[in-house]
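# Close look at the chain arrangement
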Amino acid sequence: MHPFHVGSLAVWKHSIETPKARLLLVHGLSEHSGRHFHTIDFLVRSGIEVIRFDLRGAGESGGRRQWIEQFQDYIENTTAVFNWIQRELPPLPLFLYGHSLGGAIALSFASSYHTFLKGLILSAPAYWVGEGVSPWKIKVGQALVKIAPNLRLPKSTGSEGISRDKAAVERYLNDPLCCHFNTLKQGDEILKTLPLMPQFAKKVTTPTLIVHGSADPIIRLEGSFELVKALGSKSKELFIAPHCYHEIHNELEEDRLHYFNHLGMWLEGQIKSKRSV
């Protein structure tokens, strides 16, 4: 399936004949939207059209690899695709789904655009970084970013922490569209923004589902407890997947299907809800 482009962003539209809703998917750090096909397949089979895109500098999109001038660059990417949806596609209830860094991006975006959304799904949203993120690399990066913003460091997170499914980890490590380094500037901009997540959450009144693996070593579950408490929405839920690592959508099949079953019920409930957007 070939992408089309919104500016320099590679975008894909997974269509069905009579969709009952639409979902915009935002991927995580060092990966690309094509790693979310389990989620996309489930959603399309459930009657939900999916729009996905690769962030700037990631996957098949343009831009320097692993580089942003400011965190707002990622918000502008999401806004560009959102505006394309609003301009080019027929109206449908719209959900926003963000994983990891994509969760932080989605939450930040939703703090301004929540009235346009039928629901928000945050998968292991980046807020409290876990033990899988090397503290010494963070300290080195913060010390060097002003003098060497272009410097590349090996990726700070342990790849084995993404899933207990070893095949999924191998696919990630061997994926030519994934980046296994970070630039100092990118890392610094992300780390400066993550503490603001509760402030963004307070502004969000859209129904929100946060999902998190209980054994996630990359982003700490405790952060999602804080975020769900901070959310301004009256309809909010934290779904914890026992024993799962960072990517529940790429976990062992039984756990993955249990999560998708819950996600499907939540989405169906929001679609049937009388709440307007």
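The notes below deal with the structure included here.

How each quantity is defined
Residues numbered from 1 in each chain as written. Predicted model: local features only at pLDDT ≥ 70, side-chain atom pairs only at ≥ 80, totals over all residues. Heavy atoms only, no water. Buried < 20%, exposed > 50% of the residue type's maximum accessible area, 1.4 Å probe, protein only. Helix = DSSP H or I, 4+ residues; strand = E, 2+ residues; numbered from the N terminus. Pairing = 2+ DSSP bridges. Salt bridge = Lys/Arg side-chain N within 4 Å of Asp/Glu carboxyl O. Core = buried A, V, L, I, M, F, W, Y, C linked by side-chain atoms within 4.5 Å.

## Section: the pairing of strand β5 (residues 94–99)
Regular strands have side chains that alternate between both faces of the sheet. With 6 of 6 residues buried, β5 lies mostly within the body of the structure. Side chains of β5 alternate between two faces, with L94, L96 and G98 and F95, Y97 and H99 buried alike. Here β5 runs beside strand β6 (residues 119–123); their pairing, made up of 5 bridges, is parallel. Residue pairing in the sheet places L96 in a bridge with L120 of β6.

## Focus on the pattern of salt bridges
Applying the stated rule across the entire model yields 13 salt bridges. For E268, the salt bridge identified is with K20, shortest N-O distance 2.9 Å. With a gap of 248 residues between them, E268 in helix α9 (residues 253–272) and K20 in the loop between β2 (9–14) and β3 (21–26) connect regions that are remote in the sequence. When its relative accessible area of 26% is taken as the criterion, E268 is described as partly exposed. According to the relative accessible area criterion, K20 is partly exposed, its value standing at 34%. With its nearest N and O atoms 3.7 Å apart, the salt bridge here joins D188 to K192. With a gap of 4 residues between them, D188 and K192 both fall in helix α6 (residues 184–193), about one helical turn apart.

## Comments concerning the nonpolar core
L24 and L107 are the most contacted members of the largest nonpolar core, which has 48 residues in total. For this core, the leading source of residues is helix α3 (residues 101–113), giving 7 residues. In this structure, V50, F95, V211 and L263 belong to the second largest nonpolar core, which totals 23 residues.

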